[in-house]
Amino acid sequence: MPLSAERKAAYFDTMKTLMSTYSKCFIVDIDNVGSMQIQSTRLALRGTAEVLMGKNTMMRKCIREFVEENPDTPIAQLEDCCRGNVGFVFTNGDLGTVREILESNVRPAPARVGSYAPTDVIVPKGPTGCDPGQTAFFQTLQIATKIAKGQIEMTNDTHLISAGDKVTASQAALLQKLSIEPFTYGMSLKKVYDSGSLFDAKVLDITDDVLTAKFIAALNTISKLSLALNIPTEASVTHSVANAFKAILAVTVELENYTFDKAEIYKAYLADPSAFAGSGGGGGGGGEAAVEEEAAAEEEVEEAPPAVDMFGGGDGGDY
């Protein structure tokens, strides 16, 4: 049933208000998403974002009118996004937070005949609960089975459906027999609009750690190229200084009449390597020797006889 003129006008006012109020929005795909699931998503986003659904023709017309009223607005890009079963989620908050809410609100769903699988479906091995009379059904699907305890048991994990394949009647029937709901459906993020920029939702996967790793990799590449081409840059200057120091040091250690402060320790090591070896171990050995000497001194003190006679008779006479 088409909308009345009053409801269309109210819808246009609502969408224009949202486009004026919010600077960010998600373009979401709502294939296989029910009305109750959309309503629960609205409740989860309350106070953070606004969800707007509608016919593509109405949304495109509303965007065109908004652009005519605001010629300098970059929101005209959203018109091309109104293709397929899509909706808008407007927000001024953090895009990552809104994304988490949208992606967390998913529902399991059975495999419907003729639908395209969003993910791979792998049926685990084990008892199926089907009686032995249904063995031919599994053989049709080329699934290895055996009879155990009066029921059919799958002997191996079976890759039943690949992502992107159309679900056949036999595959849907098998999953229904096994009470498996392999798919989960929710609002799928397609595009992100942020202050005039429109980009793919995958860009939100880029974190600070990813950017840091990419920057370091690029810096290393520039440094290698600079060193190979003998062109100094800020990225390679530290390596150039280190290489220059090594070259000067290699010449200095061969000269007897010339040196500099940083080269002294290297020349001293080459002149007498033994002076730099075992300094830590020697100290430890000296400590053990001192302990042994103290123990020996204590034993000597304990074994020494008394120096005087307690009764004053140093000559051992009778009293």
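The structure we're discussing is the one just above.
Residues numbered from 1 in each chain as written. Predicted model: local features only at pLDDT ≥ 70, side-chain atom pairs only at ≥ 80, totals over all residues. Heavy atoms only, no water.

1. Details of a nonpolar patch on the surface
The cut-off we apply is this: A patch consists of residues whose relative accessible area exceeds 30% and which take part in no salt bridge; residues with like charges are grouped when within 9 Å of each other, and nonpolar side chains (Val, Leu, Ile, Met, Phe, Trp, Tyr) when within 5 Å. In these tables, accessible area is a Shrake-Rupley quantity obtained with a 1.4 Å probe, and a residue counts as shielded only by the protein chains included in the view. When a carboxyl oxygen of Asp or Glu is within 4 Å of a side-chain nitrogen of Lys or Arg, the pair counts as a salt bridge. A run of DSSP states H or I qualifies as a helix once it reaches four residues; a run of E qualifies as a strand once it reaches two. Both are numbered from the N-terminal end. The buried label goes to any residue with under 20% of its type's maximum accessible area, the exposed label to any with over 50%, and the partly exposed label to all in between, with areas taken from a 1.4 Å probe on protein chains only.
Residues F245, I265, Y266, Y269, L270 and F276 make up a contiguous nonpolar surface patch of about 600 Å² in total accessible area. Take Y269: it is sitting in helix 9 (residues 261-271). According to the relative accessible area criterion, Y269 is partly exposed, its value standing at 43%.

2. Some thoughts on helix 7 (residues 208-229)
Where we set the bar: Any helix carries an expected span of 1.5 Å times its number of residues minus one.
An ideal rise of 1.5 Å per residue puts 32 Å on 22 residues; helix 7 measures up with 32 Å between its terminal C-alpha atoms. Following helix 7 by one or two positions, N230 adopts a phi angle in the positive range, close to 60°.

3. Comments concerning the sheet that holds strand 7 (residues 145-148)
Basically, it comes down to this: By the convention used here, strands pair only if DSSP detects at least 2 bridges between them.
Ordered in space as 6-8-7, the three strands form an open sheet in which the pairing is antiparallel. Every interior strand has two partners, whereas the edge strands, strand 6 (126-127) and strand 7, have only one. Here strand 6 runs beside strand 8 (residues 151-154); their pairing, made up of two bridges, is antiparallel. When the sheet's bridge partners are listed, P127 is paired in strand 8 with E153.

4. Details of the pattern of salt bridges
The full count for this structure, using the stated rule, is five salt bridges. Residue K16 pairs with E69 through a salt bridge whose shortest N-O separation is 3.1 Å. Within this pair, whereas K16 is found in helix 1 (residues 5-21), its partner E69 is found in helix 3 (residues 56-69), the two being separated by 53 residues in sequence. On the basis of relative accessible area, K16 is assigned to the buried category, the value being 15%.

5. Things to note about the packing of helix 8 (residues 237-252) against helix 9
Under the convention used in this document: Here, axes are lines fitted to C-alpha atoms. For helices the fit covers the stretch in contact, and angles between N-to-C directions go from 0 to 180 degrees. Any angle between 65 and 115 degrees counts as roughly perpendicular, while under 35 counts as roughly parallel, over 145 as roughly antiparallel, and the rest as oblique. Two helices that cross are described as forming a left-handed crossing if the nearer one is turned anticlockwise from the farther one by less than a right angle, and a right-handed crossing if clockwise. The contact criterion used throughout is that any non-hydrogen atoms of two residues lie within 4.5 Å. Three classes are used, and their members are as follows: Ala, Val, Leu, Ile, Met, Phe, Trp, Tyr, Cys and Pro are nonpolar, Asp, Glu, Lys and Arg are charged, and the others, Gly among them, are polar.
Between helix 8 and helix 9, the shortest axis-to-axis distance is 10 Å and the interhelical angle comes to 55°. Classed by the angle they form, the pair helix 8 and helix 9 counts as oblique. Between helix 8 and helix 9 lies a crossing of right-handed hand. Touching F245, L249 and T252 of helix 8 are K262, A263, Y266 and K267, all from helix 9. The residue makeup of the contact of helix 8 with helix 9, split by class, is four nonpolar, one polar and two charged.

6. Describing helix 4 (residues 95-104)
As a reminder, the rule being used: By arc we mean the arc of the directions from the helix axis to the C-beta atoms, nothing more. Polar contact criterion, stated in full: a pair of N or O atoms within 3.5 Å, where within protein one must be able to donate a hydrogen and the other to accept it, and residues adjacent in sequence count only if both atoms are side-chain atoms.
The set of residues buried in helix 4 consists of L95, V98, R99, I101 and L102. End-on, the buried residues of helix 4 take up no more than an arc of 160°, which puts them together on one face. Facing away from the buried side of helix 4 by over 90 degrees, the exposed positions are E100 and S104. Residues of helix 4 that are buried sit in contact with strand 1 (24-29), helix 2 (35-45), strand 2 (49-52), strand 3 (86-91) and strand 11 (188-194). If you check the start of helix 4, you find a side-chain oxygen 3.3 Å away from the backbone N of G96, and it comes from D94.

7. Digging into unusual backbone geometry
One non-glycine residue, Q142, lies in the positive phi region at around 55°. For Q142, the position within the fold is in the loop between helix 5 (135-140) and strand 7. For Q142, a relative accessible area of 74% gives the class exposed. One non-glycine residue, S195, lies in the positive phi region at around 50°. Within the fold, S195 resides in the loop between strand 11 and strand 12 (197-200).

8. Here we look at the sheet that holds strand 12
Ordered in space as 2-3-1-11-12, the five strands form an open sheet in which the pairing is antiparallel. The sheet terminates laterally at strand 2 and strand 12, the two strands that pair on one side only. Mean inter-strand twist for the sheet, computed between neighbouring axes without regard to direction, equals 25°. Across six bridges, strand 1 lies against strand 11 in antiparallel orientation. Bridging from a neighbouring strand, I27 pairs with K191 of strand 11. Sheet strands in contact with helix 4 are strand 1, strand 2, strand 3 and strand 11, and its direction is about 25° off that of strand 1.

That is the geometry; function is a separate question.
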